[in-house]
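For reference, the chains in residue letters:
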Amino acid sequence: MNERRPLVVGNWKMELSHKGEAEAAASLVKQLKTESQEAEIVICPSFVSLAEVADVLSKSEKVALGAQDVFWEEKGAYTGEVSVMQLRGVVSWCIVGHSERRRLAAETDEQVTRKAALLMKYGISPIVCVGESAQEREAGETVARLTQQVKVLLAEMPLSALTKIVVAYEPIWAIGTGVTPEMAEMAEAMLMIRKLASERYGREGAEKMQVIYGGSVNASNAREIASEPGVDGVLVGGASVRPMEFVRIIREVIGR
Ligand code: PGA
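Residues numbered from 1 in each chain as written. Predicted model: local features only at pLDDT ≥ 70, side-chain atom pairs only at ≥ 80, totals over all residues. Heavy atoms only, no water.

Undergrad: Please provide a residue-by-residue account of the overall build of the protein, values included.
TA: A tally of regular secondary structure across the protein gives eleven helices and eight strands. Taken over C-alpha atoms, the radius of gyration comes to 17 Å for the protein, in line with the 18 Å a tight globule of 256 residues would show. Its C-alpha atoms put the protein at 50 × 45 × 35 Å along the principal axes. The proportion of buried residues among the 256 residues of the protein is 55%. Intrachain contacts of the protein at a sequence separation of at least 6 include 72% that bridge at least 24 residues. Counting only carbon and sulfur atoms, one obtains 52% of the accessible surface of the protein, whose full area is about 11700 Å². (Helix = DSSP H or I, 4+ residues; strand = E, 2+ residues; numbered from the N terminus. Rg over C-alpha atoms; globule rule 2.2 N^0.38 Å. Buried < 20%, exposed > 50% of the residue type's maximum accessible area, 1.4 Å probe, protein only. Contact = heavy atoms within 4.5 Å. Areas by Shrake-Rupley, 256 points an atom, 1.4 Å probe, with all protein chains shown as cover.)

Undergrad: How would you summarise unusual backbone geometry if you had to cite specific residues and measurements?
TA: The phi torsion at Ala-106 lies on the positive side, around 50°, for a residue other than glycine. Structurally, Ala-106 can be placed in the loop between helix 4 (99-104) and helix 5 (109-121). Backbone geometry at Ser-216 places phi at a positive 60°, although glycine is not the residue there.

Undergrad: So, helix 8 (residues 183-201): which residues are in play, and what are the values?
TA: Between the first and last C-alpha of helix 8 there are 27 Å, a value that for 19 residues agrees with the 27 Å anticipated at 1.5 Å per step. Every buried residue belonging to helix 8 is among Met-183, Met-186, Ala-187, Ala-189, Met-190, Met-192, Ile-193, Arg-194, Leu-196, Ala-197 and Tyr-201, and all of these are buried. Buried positions along helix 8 lie against strand 5 (125-130), helix 7 (142-155), strand 6 (166-169), helix 9 (203-208), strand 7 (210-214) and helix 10 (222-226). Phi for Gly-202, located one or two positions after helix 8, is positive at around 90°. (Expected span 1.5 Å × (residues − 1).)

Undergrad: Can you lay out the pairing of strand 5 for me, pointing to particular residues and giving the numbers?
TA: Taken across its six residues, strand 5 has six buried, putting it largely inside the fold. On strand 5, burial covers both faces: Ser-125, Ile-127 and Cys-129 on one face and Pro-126, Val-128 and Val-130 on the other are all buried. In the sheet, strand 4 (residues 93-96) pairs with strand 5 via four bridges, with the strands oriented parallel. Along strand 5, the bridge assignment pairs Ile-95 with Ile-127. As defined by bridge partners, strand 5 adjoins strand 6 across four bridges and the pair is classed as parallel. In the sheet register, Val-128 faces strand 6, and the bridge partner there is Val-167. (Pairing = 2+ DSSP bridges.)

Undergrad: Break down the sheet that holds strand 5 for me, citing the residues and quoting the values.
TA: With parallel pairing, the eight strands of this closed barrel are ordered in space as 1-2-3-4-5-6-7-8. The sheet shows a mean angle of 25° between the axes of neighbouring strands, direction not considered. Alignment of strand 7 against strand 8 (residues 233-236), held across two bridges, turns out to be parallel. In the strand pairing of strand 8, Gly-214 is matched with Leu-235. Along the sheet face, helix 7 touches strand 5 and strand 6 and points at about 155° away from the line of strand 5. Here helix 8 sits on the sheet in contact with strand 5, strand 6 and strand 7, set at roughly 150° to strand 7. (Axes fitted to C-alpha atoms, helices over the stretch in contact; angles between N-to-C directions.)

Right under this line is the structure:
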């Protein structure tokens, strides 16, 4: 599992201005100039800043660009949505199924799966977020919820997709709260996600899939989280918009 290069993704959400996103990207490029490429680093600014941030990142090979979402149809009369065809050639990654989208836009597991499949079709790697709510956790439904989300996703995916698709385990109650699960609880959920892949594709296939953790990751806890077996990296929200802290997180994840 851990021969895969660790992945560190920054989800900038709606935290910065257009100018602020370009500045944060430039700062990151500058700070990472002399870093080794032990981790795969992805930043996901807002749609409006993608072109400008892409321009900033073109001066560096260290940071890749991702989008925060995509629509589930390729084309058509969908005012305000962004299609995979518009992202193609601009980003190489895209987050889908973030709990904030599932909650605010009532996205279903099926819609999230359609998005992931479309991204794969266009050569963009999907980072698919799954996770249980606080209520589901209290009711002992974590396993059932994760199983549902992952099974719907994998039902549509050929084995070859597993080298491109990333599953991000993000317990909803840990997002933006400063609270993280106990390491054992986190590892158990993430191993379970891989086990579901293993049931469908066999052990070898499942080993190809990257499973990362998200939810209140910061420079103080990134090392412990990333060193858990079965954790291939982190998805960082709040702490990723501060370039210095994000760089510290990257260093913690690669163990320096
Ligand atoms: P957080 O967000 O790091 O601010 O908790 C993570 C996420 O929503 O992806």
